[in-house]
Amino acid sequence: MRMFVAGQEAYGDFEFAELALGIDVDLFRGPLESETDGERAAREDAARDILADLRADAEAGDEIAGWDALYADALTRTVPFLRAVRAHRAGTGEAA
């Protein structure tokens, strides 16, 4: 089945969520590969600013921004687990 959001085709669940919600998953979750300290700091600063804007919009009555803020905030908590799984699989020879 092909999925489209606003005329753009989504090629998977994450891309569908990004298009539908307007949330860049990697910005909040972080890349699964390593990143430098400077890259991480810049990404986290941008994510904090966007999350603050979403929360402010939610407090002003934008229900969608509130849901987006909850989703983005939850993504920030997924990085350690995903990296741990990837590192474990790499160490045991399983395909990641």
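Look a little higher up for the structure.
Small disclaimer: the values here were computed from a predicted structure and weren't measured.

**Notes on a negative patch on the surface**
Part 1 of the reasoning: Among the surface-exposed residues, Asp49, Asp53, Asp57, Asp62 and Glu63 lie close enough to one another that they form a single negatively charged patch.
Part 2 of the reasoning: Sort the elements by how many residues they give to the negative patch and helix 3 (residues 37-59) lands first, with three residues.
Part 3 of the reasoning: Structurally, Asp62 can be placed in the loop between helix 3 and helix 4 (63-75).

**Here we look at helix 3**
It helps to recall that an α-helix has 3.6 residues per turn; residues three or four apart then point in one direction.
Part 1 of the reasoning: Given a rise of 1.5 Å per residue, 23 residues ought to cover 33 Å, and the 32 Å separating the end C-alpha atoms of helix 3 matches this to within 8%.
Part 2 of the reasoning: Looking at helix 3, one finds that the buried residues are Arg43, Ala47, Leu51 and Leu54.
Part 3 of the reasoning: The inward-facing, buried residues of helix 3 abut helix 2 (25-29) and helix 4.
Part 4 of the reasoning: Looking at the residues trailing helix 3, positive phi occurs at Gly61, about 110°.

**Looking at the pattern of salt bridges**
Part 1 of the reasoning: The final tally for this structure, using the stated rule, is seven salt bridges.
Part 2 of the reasoning: Measuring nitrogen to oxygen at the nearest pair gives 2.3 Å for the salt bridge that ties Arg29 to Asp26. Of the two residues, Arg29 and Asp26 both sit in helix 2, three residues apart, roughly one turn of that helix.
Part 3 of the reasoning: Taking relative accessible area as the criterion, Arg29 reaches 10% and is therefore assigned buried.
Part 4 of the reasoning: By relative accessible area, which is 37% here, Asp26 ends up partly exposed.
Part 5 of the reasoning: The salt bridge partner of Arg40 is Asp37, with a shortest N-O separation of 3.3 Å. In this pair, Arg40 and Asp37 both sit in helix 3, three residues apart, roughly one turn of the helix.
Part 6 of the reasoning: Overall, Arg40 belongs to the partly exposed group, its relative accessible area being 25%.
Part 7 of the reasoning: Given a relative accessible area of 63%, Asp37 falls into the exposed group.
Part 8 of the reasoning: Each of the salt bridges in this network shares a partner with another, and the network as a whole consists of Glu35, Asp37, Arg40 and Arg43.

Criteria and cut-off values
- Residues numbered from 1 in each chain as written.
- Predicted model: local features only at pLDDT ≥ 70, side-chain atom pairs only at ≥ 80, totals over all residues.
- Heavy atoms only, no water.
- Patch = residues over 30% accessible without salt bridge, like charges linked within 9 Å, V, L, I, M, F, W, Y side chains within 5 Å.
- Areas by Shrake-Rupley, 256 points an atom, 1.4 Å probe, with all protein chains shown as cover.
- Salt bridge = Lys/Arg side-chain N within 4 Å of Asp/Glu carboxyl O.
- Lys, Arg positive; Asp, Glu negative; His and termini not counted.
- Charge placed at Lys NZ, Arg CZ, Asp CG, Glu CD.
- Helix = DSSP H or I, 4+ residues; strand = E, 2+ residues; numbered from the N terminus.
- Expected span 1.5 Å × (residues − 1).
- Buried < 20%, exposed > 50% of the residue type's maximum accessible area, 1.4 Å probe, protein only.
- Contact = heavy atoms within 4.5 Å.

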